[in-house]
Amino acid sequence: MTDLKRLWVGLAGAVVAFASLGQTATAQVYRIDNTAQPAVIRVAIRGLNPSGEPDPRGRIEWVQTVPFEQYCEDVLPNEWIPSWNSESLKAGAMAIKMFAWYHHLHPVTVDGFTFDVDNTVNFQTFRYMSEQPMTNRAVQAVRRFAYVRPDGEIIELNYRAGNPQDPNWQYRNAQKMAQWGSEYWAEQGRSYVQILQFYYMDRALRQYG
């Protein structure tokens, strides 16, 4: 083989190798049409603070595997007020579900423990077997629906407390739902879908299953 041919073959091999590297480095895109709702979710349980509450900075004591829908039912009454309007609770149920679904697809490892979420405000406040009838109904109402990008991509839905009796426009601009804002809009007669549309722009409701 001539030196020129060797150079050409070497360059061609480098191009193939570079192309393969680029394909390997491309992150997988999870969409509602190619990704099933999780059956379970792994919850890291952290130690308690002096007040007896789970400490966001506490040591991870174990990882609890929880049925996915039960997890949502055991988060909603701890993140939303169970006596709130049912449309607010449904909006909250959707945000909690999509947040958990996204993190199930992107697990982390800390101190030798691999998990999807923990039980504190680092992710979402989870208290095992704390479900309540009103919040359970909200979780079941959105059971076969997802709130995703228009192309179906599963993304994290973030939320913050916000201010009572206020639409909390500042959170809309940040693509986050205000928990108090969801109650405000529900009391104004908006449906849970309209509440989601207000806070999360460029998103779509999709049915699955």
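Just so we're clear, the structure is a prediction, and the values are computed from it rather than from any experiment.

Chemist: Got a minute to help me understand the overall build of the chain in this structure?
Modeler: Within the chain, the regular secondary structure consists of seven helices and nine strands. Here the chain holds 209 residues, and the buried ones make up 42% of them. Excluding contacts between residues fewer than 6 apart, the proportion of contacts in the chain whose partners are at least 24 apart in sequence is 70%. When the accessible surface of the chain is summed, it comes to about 11,200 Å², and 53% of that surface belongs to carbon and sulfur atoms.

Chemist: It is not clear to me how the nonpolar core should be interpreted in this structure. Could you clarify?
Modeler: If you look at soluble globular proteins, the nonpolar side chains tend to sit buried side by side. Counting 49 residues, the largest nonpolar core has Y71, M98, W101, M177 and Y200 as the members making the most contacts within it. Considering each element in turn, this core owes the most residues, ten residues, to helix 3 (residues 86-104). M98 has contacts with A146, Y147, V148, I154, I155, E156 and L157, leaving out every residue within four places of it along the chain.

Chemist: Whenever I open this one, the sheet that holds strand 5 (residues 117-118) confuses me. Can you help?
Modeler: Adjacent strands of a sheet pair through backbone hydrogen bonds, lying either parallel or antiparallel. Taken in spatial order, the three strands make up an open sheet running 2-1-5, and their pairing is mixed. Whereas interior strands pair on both sides, the edge strands pair on one side only; in this sheet they are strand 2 (60-67) and strand 5. Along the sheet, helix 2 (residues 68-79) contacts strand 1 (40-46), strand 2 and strand 5; its crossing angle with strand 2, the most-contacted strand, is approximately 115°.

Chemist: I'm lost on the pattern of salt bridges in this one. Help?
Modeler: Where charged atoms of side chains with opposite charge meet at close range, the side chains can pair. Per the stated rule, a full pass over the model turns up seven salt bridges. With a closest N to O distance of 2.7 Å, R46 and D118 form a salt bridge. With R46 in strand 1 and D118 in strand 5, this residue pair connects regions lying 72 residues apart in the sequence. Using a relative accessible area of 13% as the deciding quantity, one classes R46 as buried. D118 sits in the buried class, given a relative accessible area of 0%. Taking the shortest distance from any N to any O, the salt bridge between R143 and E69 comes out at 2.7 Å. One end of the pair, R143, is in the loop between helix 4 (133-141) and strand 6 (145-148); the other, E69, is in helix 2, and 74 residues separate them in sequence. Classification of E69 as partly exposed rests on a relative accessible area of 21%.

Chemist: Please explain the side chain of N168 as it appears in this structure.
Modeler: With respect to the element layout, N168 can be found in the loop between strand 7 (158-160) and helix 5 (169-173). For N168, the contacting residues outside a window of four places in its chain are G162, N163, A178, W180, G181 and Y199.

Chemist: What's the story with helix 3 in this structure? I'm lost.
Modeler: Since there are 3.6 residues in each turn of an α-helix, residues three or four apart along the chain are aligned in direction. Between the first and last C-alpha of helix 3 there are 27 Å, a value that for 19 residues agrees with the 27 Å anticipated at 1.5 Å per step. Looking at where helix 3 begins, the residue whose side-chain oxygen comes 2.8 Å from the main-chain nitrogen of E87 is N85.

Cut-off values and rules
Residues numbered from 1 in each chain as written. Predicted model: local features only at pLDDT ≥ 70, side-chain atom pairs only at ≥ 80, totals over all residues. Heavy atoms only, no water. Helix = DSSP H or I, 4+ residues; strand = E, 2+ residues; numbered from the N terminus. Buried < 20%, exposed > 50% of the residue type's maximum accessible area, 1.4 Å probe, protein only. Contact = heavy atoms within 4.5 Å. Areas by Shrake-Rupley, 256 points an atom, 1.4 Å probe, with all protein chains shown as cover. Core = buried A, V, L, I, M, F, W, Y, C linked by side-chain atoms within 4.5 Å. Pairing = 2+ DSSP bridges. Axes fitted to C-alpha atoms, helices over the stretch in contact; angles between N-to-C directions. Salt bridge = Lys/Arg side-chain N within 4 Å of Asp/Glu carboxyl O. Expected span 1.5 Å × (residues − 1). Polar contact = N/O pair within 3.5 Å; in protein donor to acceptor, adjacent residues only side chain to side chain.

This is a description of form; function is not addressed.
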